[in-house]
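# Overview (structure and organization)
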Amino acid sequence: MIKKWFVFLAVGFMLCQCAPSSGNSSESDGTTMPASITREPVAGAVVRTVSVVRKDFAIQVFSSGTLTATRQADIQAQVSGSLQELFAREGQRFKKGAALAVLDSTALVLELEKANLQLKEAVYNKDDQLVMQGGTWGVDTSVNAETLDNILIRSGLSNARHTIKKLKYKWSQMVIRAPFDGIVADVAVKPFKQLTGQTTICRLIDPESFVAAFQLLERDAMDISIGQGVSLSPVANPGLQLKAQISRINPVVSSSGLVRIQAKISARDIQTHADILWEGMKMNVVIEKRIPGQLVVPKSALVLRSGREVVFVYDEAEKRAKWKYVSFAYENESEVAITEGLQPGELVITEGNLNLDHDAEVVLADIE
């Protein structure tokens, strides 16, 4: 019996010797592991949410068009003659009334001199006939109106006056002037070229009248109106954003189902960027229309499950993600307008939702 107690005591002593010390030191590596940093692992995916809200939804319709000036003109010579001076230079601006070109007027000066001589001769003949008709030399009122009309015709004075009038008009056309403020383009002649009537010298473009001309599908055109805002950007310079307003809607649908539209660029943008806005430039067109009273969620909330659109809703009581099948009517670059499946105020998951399953445990990022 004594031997058995001795064995029990020996075993107990050995177990006490093998047990680790109650301190925090480790004989194996000498490191210290404070118990205070130990944490329970967090269960569930970390997600972020936003509240479903009812608000106006911005629809964006995209098109492409061409920059064109509604006021432009081919500048033509109205009379024949040799081009003596050409002031028009492509890209140069001219004020209304400024000279673009001058024709040689030498021959016209001779015609005017001859016409003035014929006028003097006709006046002499007229006065001579006044006396012969019982009137006073140089006093047209000395005979009655009918007699004076006959005298003017027979003396050649009426014809001489008309010739002078026609030559003065021709003289005014020898200097070709800008009909409005504009920029010169497409110069088609050179100095000393012989011009005939209707010869095109250049084109004058009024940059203040620039519009973007484009086409929309019939269903999209029905949703826009005169004065509606439009955003434009040149294809060659997509970083440049221009403001415009719908200025014209052609009320005709083409055989291909398109409607022609024009948007007037703001005067401020034209003045600021006049040097880089050119006739015929290709433009990207974005039209924004606001649809009131829509349930709107970020596009990132929408995911696909089994080929259908799904939005995960955060259940605050269970702290779980519940998927809901949804339908939507409109979408833009960042949002969708939901028509079925959600209610205002629900919390939809916008981050961390790509790999979620229905009823998965989740943790909100802001209370992680």
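Everything that follows concerns the structure shown earlier in this document.
Below, the structure is looked at part by part.

## Re the side chain of aspartate 127
Topologically, aspartate 127 is positioned in helix α2 (residues 106-132). Classification of aspartate 127 by relative accessible area gives buried; the value is 8%. Polar contacts involving the side chain of aspartate 127 include one to the main-chain amide nitrogen of glycine 138, which spans 3.3 Å. Contact partners of aspartate 127, with chain neighbours within four places excluded, come to Trp137 and Gly138.

## A word on the packing of α2 against helix α4 (residues 157-172)
Where α2 meets α4, the axes come as close as 8 Å, and the angle between the chain directions of the two elements is 160°. Classed by the angle they form, the pair α2 and α4 counts as roughly antiparallel. Here the hand of the crossing between α2 and α4 comes out left-handed. Two secondary-structure elements touch here, α2 through Leu108, Val109, Glu111, Leu112, Ala115, Asn116, Gln118, Leu119, Ala122, Val123 and Lys126 and α4 through Leu157, Ala160, Arg161, Thr163, Ile164, Leu167, Lys168, Lys170 and Trp171. Its residues assigned to classes, the contact of α2 with α4 comprises 12 nonpolar, three polar and five charged.

## Looking at the sheet that holds strand β4 (residues 81-86)
Strand order across the open sheet formed by four strands is β7-β6-β4-β9, with antiparallel pairing between neighbours. Two strands close off the open sheet at either side, each with one partner strand: β7 (175-177) and β9 (194-195). Sheet topology places strand β6 (residues 99-103) next to β7; three bridges connect them, and they run antiparallel. Considered in β7, the bridge of alanine 101 is made with isoleucine 176.

## Remarks on the sheet that holds strand β8 (residues 182-185)
One open sheet holds the four strands; their spatial order is β3-β10-β8-β5, and the pairing between them is antiparallel. Strands at the two margins of the open sheet, each flanked by one partner only, are β3 (72-77) and β5 (93-94). One ladder, built from six bridges, connects β3 with strand β10 (residues 199-205); its direction is antiparallel. Of the residues in β10, the one forming a bridge with alanine 77 is threonine 199.

## Structural notes on the layout of surface pockets
Taken as a whole, the largest pocket spans an internal volume of roughly 240 Å³. If you trace the largest pocket, you find 15 residues lining it, with Gly91, Ile183, Leu277, Trp278 and Glu279 closest to the centre. Counting only elements with at least two residues in the lining of the largest pocket, the list comes to β8 and β10. The dominant element in the lining of the largest pocket, judged by the number of residues it contributes, is β8, at three residues. When its residues are assigned to classes, the lining of the largest pocket shows nine nonpolar, one polar and five charged.

## Things to note about the nonpolar core
Considering soluble globular proteins, one finds that nonpolar side chains tend to be buried as a cluster. Formed by 32 residues in total, the largest nonpolar core has its most connected members in Phe210, Phe214, Leu216, Val230, Leu232, Ile265 and Ile287. Within the residue set of this core, elements represented by two or more residues are β2 (53-69), β11 (210-217), β12 (229-234), β13 (242-249), β14 (258-265) and β15 (282-298). Those residues within four positions of leucine 232 in sequence are excluded, and the remaining contacts are Ala212, Leu240, Gln241, Leu242, Ala244, Ile265, Met283, Asn284 and Val285.

Reading guide: rules and limits
Per-chain numbering applies: the sequence of each chain, read as written, is numbered from 1 onward. Reporting in this predicted model follows two pLDDT cut-offs: at least 70 for local features of residues, and 80 or more for side-chain atom pairs to be given and counted; totals over whole chains, interfaces and linings ignore these cut-offs and use all residues. The side-chain quantities take in all heavy atoms of the structure and omit both hydrogens and water. For the purposes of this entry, the term helix denotes a DSSP run of H or I that reaches at least four residues, the term strand denotes a run of E that reaches at least two, and both are numbered from the N terminus. Relative accessibility thresholds used throughout: buried, under 20% of the residue-type maximum; exposed, over 50%; partly exposed, between the two (1.4 Å probe, protein chains only). Side-chain atoms alone can form a polar contact between residues adjacent in sequence; in general such a contact is a pair of N or O atoms within 3.5 Å, and within protein one must be able to donate a hydrogen while the other accepts it. Any pair of residues with heavy atoms lying within 4.5 Å of one another is described as a contacting pair. Each axis is a line fitted through C-alpha atoms, taken for helices only over the stretch in contact, and angles between the N-to-C directions span 0 to 180 degrees. In what follows, roughly perpendicular refers to angles from 65 to 115 degrees, roughly parallel to angles under 35, roughly antiparallel to angles over 145, and oblique to any angle outside these ranges. In a left-handed crossing the near helix is turned counterclockwise from the far helix by less than a right angle, and in a right-handed crossing that turn is clockwise. By the convention adopted, Pro, Cys, Tyr, Trp, Phe, Met, Ile, Leu, Val and Ala count as nonpolar, Lys, Arg, Asp and Glu as charged, and the other residues, Gly among them, as polar. The pairing criterion for strands is at least two bridges between them, as found by DSSP. A cavity here means a set of points on a 1 Å grid, drawn over the protein atoms and nothing else, where a 1.4 Å probe fits but cannot get out; a pocket is an open set with protein on both sides within 12 Å along at least five of seven lines, and a residue lines either one if it has an atom within 4 Å of a point. Grid points are joined across faces, edges and corners, and a volume is the space filled by probe spheres set on the points. Here, nonpolar core refers to any group of buried Ala, Val, Leu, Ile, Met, Phe, Trp, Tyr and Cys residues whose side-chain atoms link them within 4.5 Å.

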